[in-house]
Structure formats: C-alpha cells, structure tokens
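Residue strings, one per chain:
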Amino acid sequence: MGAEPDRVDLSRHEADIAIRFRRPQAPDLAVRIVATVKYYLCAAPEYLAAHQPDEWEFIGYDESLAETPQQQWLNAFAAGRPFAFSSNDLSSIAAAVRFGAGVAALPDYLAAGLIIPGINCPVQRDLWMVIHDDVRKAPRVRRTADLLAEMFSTQAS
C-alpha cells in the first residue's frame, strides 16, 4: 500500500492499493473516497497558556508541500507571523505541536487534545483508495480493499 505523496506508481504495479489525497486521473485505475479528513488549528495547551494569539509562531509544511490546501490556509491565517518550523513530514509537524513549538493545521486523526477552540479551519480533504483495474477483482486485493474501507468508515464514526 502506498501513501501520499505519490511514492508508488500503480500503473507500473509497484503496489496494488494506494491511499491518496488526490484523485488520480489515469483511466486504468479504480478509485473511491474512503474518508474525508477535516483539519483543525492546533497547539499544545501549555503553548496557548504562555502565548497570546499575536505571539503565536507557526509550524507547517516546507516548500515541497506549500500548495496543499491546509498549508495555504495556514499561511493566510498566519498573516505574516513567523514559522518556527517547517517540514515535509506530517508526524514531525504533529510532534512539534505536541512539544509546544507552535501552532499548526493538523488533520482530525492527530488533533485530539490540541484543537484551539473558536477558530474554524474550513479545510477538508477527501482520501481516495486507488486500485489498478488489472488486480481490483483479485480476491486478496478485494479483501484488503474492503478491510481498509471498513477501517476508514469505523474511524469516521
């Protein structure tokens, strides 16, 4: 299974199933939305207690992911205030938030206990399951795809 960014090429059979934030356009791929990921403005409670909003520093993606909707929204929200840390790795960004390094837009599955109340981040992104047409009816691929879809639907409930 591959994950965003497009590190595996299903057309070259580098994987049977991929989970992506972008809907692929290749005609030989079967796609379906398995989840919608909502983003929240987040910070460690200790950071919020020690910093007024005009003192906030931000944590975000580096230039390789600057075009993502969550980073574009965060840049607009920051309105020129400094970024203390940037990375192309979401787990590093989430860890920096948890350790009190600043404020970031995090997906719902990483935001527990960190959501800043009263600020609405409008960013929601569909998560796509992608399967190459050649293998999508193979029993092992079908079972795996069904289990993944069930896992995502359980998480959304």
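Residue positions are counted from 1 within each chain, in the order its sequence is given. It should be noted that, the model being predicted, local features are given only for residues of pLDDT at least 70 and side-chain atom pairs only at 80 or more, the latter also being counted only at that level, while totals for whole chains, interfaces and linings use all residues. No hydrogens and no water enter the side-chain calculation; it runs on all heavy atoms of the structure.

**Quick word on the overall build of the protein chain**
Logical step 1: The helix and strand inventory of the protein chain stands at 4 helices and 7 strands.
Logical step 2: Beginning at the N terminus, the succession of helices and strands in the protein chain can be written as β-β-β-α-β-α-β-α-β-β-α.
Logical step 3: Reported as C-alpha extents along the three principal axes, the dimensions of the protein chain are approximately 55 × 30 × 25 Å.
Logical step 4: For every residue, the accessible area obtained with a 1.4 Å probe (protein chains only) is divided by the maximum for its type, and the residue is called buried under 20%, exposed over 50%, and partly exposed between those limits. Residues counted as buried form 39% of the 157 residues belonging to the protein chain.
Logical step 5: Restricting the contact set of the protein chain to residue pairs at least 6 apart, pairs at least 24 apart contribute 71%.
Logical step 6: Here the Shrake-Rupley method, with its probe set to 1.4 Å, supplies the accessible areas, and only the displayed protein chains count as covering residues. Split by element, the accessible area of the protein chain, about 8,800 Å² in all, is 52% carbon and sulfur.
Logical step 7: Each charge class in the protein chain can be summarised by its mean position, and for the 15 positive and 20 negative side chains these summaries are 8 Å apart. Elements are defined by DSSP. Helices are runs of H or I of four residues or more, strands are runs of E of two residues or more, and each kind is numbered from the N terminus. Contact between two residues is taken to exist if any of their heavy atoms lie within 4.5 Å; hydrogens are not considered. By the counting scheme adopted, Arg and Lys are positive, Glu and Asp are negative, and His together with the chain ends is not counted. All charge positions are set by atom: Lys at NZ, Arg at CZ, Asp at CG, Glu at CD.

**Here's the deal with the nonpolar core**
Logical step 1: Among the nonpolar cores identified, the biggest contains 43 residues, and Val 103, Leu 106, Leu 127 and Met 129 are the most heavily contacted of them.
Logical step 2: Of all the elements in the fold, those that place two or more residues in this core are strand E2 (17–20), strand E3 (29–42), strand E4 (58–61), helix H2 (69–78), helix H3 (90–98), strand E6 (104–107), strand E7 (124–132) and helix H4 (139–156).
Logical step 3: Tallying contributions element by element places E3 first for this core, with 6 residues.
Logical step 4: Sequence-distant contacts of Val 103, defined by excluding residues within four places in its chain, comprise Leu 41, Cys 42, Ala 43, Tyr 47, Trp 56, Glu 57, Phe 58, Ile 59 and Ile 116. Take the buried residues of types Ala, Val, Leu, Ile, Met, Phe, Trp, Tyr and Cys, join any two whose side-chain atoms come within 4.5 Å, and each joined set is a nonpolar core.

**A word on unusual backbone geometry**
Logical step 1: Even without being glycine, Ala 79 reaches a positive phi, approximately 50 degrees.
Logical step 2: Relative to the helices and strands, Ala 79 is located in the loop between H2 and strand E5 (83–87).
Logical step 3: Judged by its relative accessible area of 61%, Ala 79 falls in the exposed class.

**Brief notes about the environment of Tyr 40**
Logical step 1: Following the sequence through the fold, Tyr 40 ends up in strand E3.
Logical step 2: Distance in space between the C-alpha atoms of Tyr 40 and Asp 9 is 31 Å, their sequence separation being 31 residues.

**Quick notes on the pattern of salt bridges**
Logical step 1: The term salt bridge refers to a side-chain nitrogen of Lys or Arg lying within 4 Å of a carboxyl oxygen of Asp or Glu. Throughout the structure, instances matching the rule amount to 4 salt bridges.
Logical step 2: Residue Asp 146 pairs with Arg 142 through a salt bridge whose shortest N-O separation is 3.3 Å. Here Asp 146 and its partner Arg 142 are both found in helix H4, 4 residues apart, which amounts to about one turn of the helix.
Logical step 3: Residue classification places Asp 146 among the partly exposed positions, given a relative accessible area of 38%.

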